[in-house]
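Spelled out, the chains give:
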Amino acid sequence: MGWVMMSERKLTLDERRILATMLQAKATKTKIAEVLGRDRSTIHREIKRNWWHDEEVPQAAGYWHVTAQTLADRRYLKRRKLEQYEDLRNEVIGKLKTGWSPEQIAGRLKIEPCAPYRICHETIYQYVYSDSGRSQELGRYLPERQKKRKPRYARKARDRVFPLETSIHNRPIEINDRSQFGNWEGDLMIFERAQGNANVATLIERKTRYTLLLRNNDRKSRPLMNKLINEMSPLPANARRSITFDRGLEFSSWRELHKGMGTKSWFCDPQAPWQKGSVENMNKRVRRYLPRDTALLSLPNRYMKSIWDRLNATPRKCLGYRTPAEAFRDELMILEPR
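Report on the accompanying structure. Predicted model, so just to flag it, every value in this text is computed and none were measured.

Parameters at a glance
- Residues numbered from 1 in each chain as written.
- Predicted model: local features only at pLDDT ≥ 70, side-chain atom pairs only at ≥ 80, totals over all residues.
- Heavy atoms only, no water.
- Helix = DSSP H or I, 4+ residues; strand = E, 2+ residues; numbered from the N terminus.
- Buried < 20%, exposed > 50% of the residue type's maximum accessible area, 1.4 Å probe, protein only.
- Contact = heavy atoms within 4.5 Å.
- Areas by Shrake-Rupley, 256 points an atom, 1.4 Å probe, with all protein chains shown as cover.
- Axes fitted to C-alpha atoms, helices over the stretch in contact; angles between N-to-C directions.
- Parallel < 35°, antiparallel > 145°, perpendicular 65-115°, else oblique.
- Nonpolar A, V, L, I, M, F, W, Y, C, P; charged D, E, K, R; others polar.
- Pairing = 2+ DSSP bridges.
- Polar contact = N/O pair within 3.5 Å; in protein donor to acceptor, adjacent residues only side chain to side chain.
- Salt bridge = Lys/Arg side-chain N within 4 Å of Asp/Glu carboxyl O.
- Right-handed = clockwise from strand over helix to strand, strands pointing away.
- Left-handed = near helix turned anticlockwise from the far one by under 90°.

**Structural notes on the overall build of the protein**
Per the secondary structure count, the protein includes 16 helices and five strands. Across the 338 residues that make up the protein, the buried fraction comes to 41%. In the protein, once contacts between residues fewer than 6 apart in sequence are set aside, the share between residues at least 24 apart is 57%. Carbon and sulfur atoms form 51% of the exposed surface of the protein, whose accessible area is close to 20300 Å².

Now the structure itself:
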């Protein structure tokens with residue numbers, strides 16, 4: 001359905017004046033956003049939409065607050081066609097009350113030869129959820145009734161999905177210095193669009209550099225977490241203490257790991273995958289065997305297992321030239337009850 005155009009989201013003329021002044025002073029968009037208390041993307045979008053282009057006098061091109069306000073107002077009026085034209089508004093409301101959907105109303109107006117106006121269904125939805133539409137309780141005439149309009153594919157706020165207490169900055173020192181066994185890093189290797197949802201989950205144990213490669217045909221978070229649980233549950237609890245991920249939404253069901261096998265999850269800062277450098281470096285090694293154009297689902301299981309075995313059988317300088325498989329086996333033996 002799209003977003004509701006809410007008046008409080010619009011920049012005011014004073015905000016646009018400050019924006020123009022700071023732009024002339026060469027301030028960054030991030031700084032402007034801080035001063036105005038807005039998101040940086042809002043500032044970027046405002047400049048892009050309301051930048052004045054003058055082909056005849058190129059020197060006049062730029063962001064000018066009065067011009068920006070005029071351009072924004074014009075777009076606003078265009079969106080608010082139902083508020084401008086009473087006859088169109090009455091016709092739309094009448095059709096809504098008889099059970100027509102916004103799509104049906106807009107589609108019918110397009111084919112009516114004598115219809116004086118054209119309107120898209122999005123404009124009708126915006127009017128229904130505007131102050132005027134809510135005062136008339138027009139929402140109750142929609143096939144799907146909602147108190148508020150939401151984006152169709154709205155993302156959850158990342159600070160709720162990945163709360164502060166799971167930040168990598170709160171990770172214990174014994175994980176950071178690799179002195180404790182059983183702490184992993186995880187990532188998802190994506191392939192070309194032609195391969196569909198096929199992916200490979202990469203897991204590497206931080207102390208021994210032992211690597212697991214899990215092939216999947218689903219990028220949704222819950223199936224991925226179930227796959228990790230199935231593969232890692234046979235290990236002793238102290239061999240699967242924690243996994244550090246980035247903040248990709250494919251890891252948003254991380255609570256399932258704790259519920260299913262008691263494994264703690266930690267998360268890098270936004271746009272900071274380098275904070276889980278072990279698995280990032282391992283991905284580069286894996287790409288030698290699985291480039292992005294690999295037809296992943298057509299590969300036999302034995303080929304995937306051969307890659308896994310080869311990585312774990314390669315001596316590593318950081319392990320005193322032992323192999324990850326040898327280091328991992330030694331750590332498991334220490335965990336075995338005497």
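Text resumes after the structure shown.
**Some points on the packing of helix H1 (residues 13-24) against helix H3 (residues 40-50)**
With their axes 12 Å apart at the nearest point, H1 and H3 run at an angle of 85 degrees to one another. One way to sum up the angle between H1 and H3 is to call them roughly perpendicular. Facing H1, whose interface residues are Arg16, Leu19 and Leu23, H3 presents Ile43, Glu46, Ile47 and Asn50. For the contact of H1 with H3, the residue count by class is four nonpolar, one polar and two charged.

**Digging into the sheet that holds strand S2 (residues 199-205)**
Ordered by their spatial adjacency, five strands build an open sheet running S3-S2-S1-S4-S5, and the pairing between neighbours is mixed. Unpaired on one side and paired on the other, strand S3 (211-216) and strand S5 (264-267) mark the two borders of the sheet. Averaged over neighbouring strand pairs, the angle between their axes works out to 25 degrees when direction is ignored. For strand S1 (residues 183-190) and strand S4 (residues 242-245), the ladder comprises three bridges, and the chain directions are parallel. In the strand pairing of S4, Trp184 is matched with Ile243. Against the sheet, helix H14 (residues 277-286) makes contact with S1, S2 and S3, and its axis sits at roughly 45 degrees relative to S1, the strand it touches most.

**What to know about the side chain of Thr211**
By the secondary structure assignment, Thr211 is in strand S3. Using a relative accessible area of 1% as the deciding quantity, one classes Thr211 as buried. A distance of 3.3 Å separates the side chain of Thr211 from the backbone oxygen of Arg209, its partner in a polar contact. If near-sequence neighbours (up to four positions away) are discounted, Thr211 is found in contact with Thr202, Leu203, Ile204, Met282, Trp308, Leu311 and Asn312.

**Brief notes about the pattern of salt bridges**
In the structure shown here, the tally under the stated rule is 14 salt bridges. Salt-bridge contacts for Arg17 lead to Asp14; the nearest nitrogen and oxygen are separated by 3.9 Å. In this pair, Arg17 and Asp14 are both assigned in helix H1, three residues apart and thus about one turn of the helix distant. Asp14 gets classed as partly exposed once you look at its relative accessible area, which sits at 48%. Taken together, the salt bridges that share partners define one network made up of Asp187, Asp246, Lys276 and Glu280.

**Examining helix H8 (residues 121-128)**
Of all eight residues that make up H8, seven are buried, and the element is covered over most of its length. Listed as buried for H8 are Glu122, Thr123, Ile124, Tyr125, Gln126, Tyr127 and Val128.

**Examining the pairing of S5**
Bridge analysis of S4 against S5 gives four bridges, and the strand direction is parallel. Among the inter-strand pairings, Thr244 is bridged to a residue of S5, identified as Trp266. Note on the crossover from S4 through helix H13 (residues 255-261) to S5: the handedness is right-handed.

**Points about the environment of Gly196**
Looking at where Gly196 falls in the secondary structure, it is placed in the loop between S1 and S2. Along the primary structure Gly196 and Asn217 are separated by 21 residues, whereas in three dimensions their C-alpha atoms are 7.9 Å apart.

**Considering the packing of helix H7 (residues 102-111) against H8**
Between H7 and H8, the shortest axis-to-axis distance is 8 Å and the interhelical angle comes to 135 degrees. By the angle between their directions, the pair H7 and H8 is classed as oblique. Here the hand of the crossing between H7 and H8 comes out right-handed. In this structure, H7 uses Pro102, Glu103, Ile105 and Ala106 to contact H8, whose residues at the interface are His121, Ile124 and Tyr125. In terms of residue class, the contact of H7 with H8 is made up of five nonpolar, one polar and one charged.

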